Amino acid sequence: MAGGARPDVPGPRPALDRDPGLQPERTRLAWRRTTLSATAMAALAGRQLLESDAPGAVEAVLAVLMGLLWLAFVTLAHRRMRAMTAGRPPGLPPRTALLLVACTLALALCGVVILVRPGH
Amino acid sequence: MILTDGLRSIGAAVRLWFSPARVREEGATPDYRFSLANERTFLAWLRTGLALVGGGFAVDQFLPRLHEGLRVTFTLVLLAGGALCTLRAVNHWVRCERAMRRGEDLPVSRFPTALALAVAVLAVAVVVLVLLGRTD
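The rules behind the values
Residues numbered from 1 in each chain as written. Chains lettered and ligands numbered in written order. Predicted model: local features only at pLDDT ≥ 70, side-chain atom pairs only at ≥ 80, totals over all residues. Heavy atoms only, no water. Helix = DSSP H or I, 4+ residues; strand = E, 2+ residues; numbered from the N terminus. Buried < 20%, exposed > 50% of the residue type's maximum accessible area, 1.4 Å probe, protein only. Contact = heavy atoms within 4.5 Å. Areas by Shrake-Rupley, 256 points an atom, 1.4 Å probe, with all protein chains shown as cover. Core = buried A, V, L, I, M, F, W, Y, C linked by side-chain atoms within 4.5 Å. UniProt positions renumbered as here; feature names shortened; annotations may be inferred. Buried area = accessible area lost by both parts, 1.4 Å probe. Salt bridge = Lys/Arg side-chain N within 4 Å of Asp/Glu carboxyl O. Polar contact = N/O pair within 3.5 Å; in protein donor to acceptor, adjacent residues only side chain to side chain. Nonpolar A, V, L, I, M, F, W, Y, C, P; charged D, E, K, R; others polar.

1. Points about the overall build of chain B
Then step 1. Looking only at helices and strands, one finds five helices and zero strands in chain B.
Then step 2. Secondary structure elements of chain B occur, N-terminal to C-terminal, as α-α-α-α-α.
Then step 3. Taking all 136 residues of chain B together, the buried fraction comes to 42%.
Then step 4. Put simply, of all contacts in chain B between residues at least 6 apart along the chain, 73% involve residues at least 24 apart.
Then step 5. Counting every atom, chain B has about 7,400 Å² of accessible surface; 68% of that belongs to carbon and sulfur.

Written out as structure tokens, the structure reads:
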């Protein structure tokens, strides 16, 4: 991000300036809430798989896939939360936003597969 | 006419997601606090999407005696709604970021109203089904 000294931009410029809104802190907590939501959703999805009468190869592949998607989600969020500790945090990289959305979409798609798979 | 306009705007939006560097070429970098507020809004919408997907799983798991067709329909509607919410989250985030860089007004949207109405209809439907005893 093209940061640097910008006399025309209001707000705290140096990293040590006081930020009365605690914006990075609030954003970090928002990320934490989001990872908790993702974890709860993944747990429900896992419970759904456990309820199958005869778990087979399809169920195993789905479980591994959803575990990896959850891991990717949490890792991306963790990296962003680390970036938030900088005094003047950089903007959210659009790639991170897109990857998070892709993870969520893939998890929803796994849900559809769980629902319509044979033997359900 | 409306359809082609709609398709064109969807195309433009998708192009914008995949070439986000273009957003950063425009205008001036806003105060980082505004960008962080936009990021939190994005996360709130993402959580809404996650909650809808989780709700879909919950309907399938916790209403086992609901008629099979109804249960699958509710679940699929909730999963699709969750997917739509997450797509909207990233779209709205990019549009807000661009508006802030250009110094324009933030985009307005009918999506929250539409989502609220859809959730209300779905909730009323489930309440009616439970009252009619169709779930046990």
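Next comes the rest of the description.
2. Notes on the nonpolar core
Then step 1. Formed by 53 residues in total, the largest nonpolar core has its most connected members in Trp31, Met66, Phe73 and Leu100 of chain A together with Phe42, Leu46 and Val90 of chain B.
Then step 2. For this core, the secondary-structure elements that each account for two or more residues are α1 (23–50), α2 (57–83) and α3 (94–116) of chain A together with α1 (2–18), α3 (32–62), α4 (68–102) and α5 (111–131) of chain B.
Then step 3. Examining the composition of this core, we find that eleven residues originate from one element, α3 of chain B, more than from any other.
Then step 4. Aside from chain neighbours lying at most four places away, what touches Met66 of chain A is Ala45, Gly46, Leu49, Leu107, Cys110 and Ile114 of chain A.

3. Re the UniProt feature "transmembrane region" (unreviewed entry) in chain A
Residues and elements named next belong to chain A.
Then step 1. Per the UniProt record, "transmembrane region" (unreviewed entry) is found at residues 57–76 and 97–116.
Then step 2. Secondary structure across residues 57–76 divides into 100% helix and 0% strand, with the first and last C-alpha atoms of the span separated by 29 Å.
Then step 3. In residues 97–116, helix accounts for 100% and strand for 0%; the two terminal C-alpha atoms are 29 Å from one another.

4. So, the interface of chain B and chain A
Then step 1. Between chain B and chain A, the residue contacts involve 32 residues of the former and 47 residues of the latter.
Then step 2. The largest per-residue losses of area from chain B upon contact with chain A belong to Tyr32, Leu50 and Phe57 of chain B, which jointly make up 18% of the total buried on that side.
Then step 3. Inspection of the chain B/chain A interface yields one salt bridge.
Then step 4. Between Glu39 of chain B and Arg80 of chain A there is a salt bridge, with the nearest N and O atoms lying 2.7 Å from each other.
Then step 5. Our count for the contact surface shared by chain B and chain A stands at ten residue pairs in polar contact (both at pLDDT 80 or more).
Then step 6. Contributing elements (two or more residues each) for the side of chain B that touches chain A: α1, α3 and α4 of chain B.
Then step 7. Looking at which element gives the most residues to the side of chain B that touches chain A, the answer is α3 of chain B, with 16 residues.
Then step 8. Taken together, the residues of the side of chain B that touches chain A break down into 20 nonpolar, five polar and seven charged.

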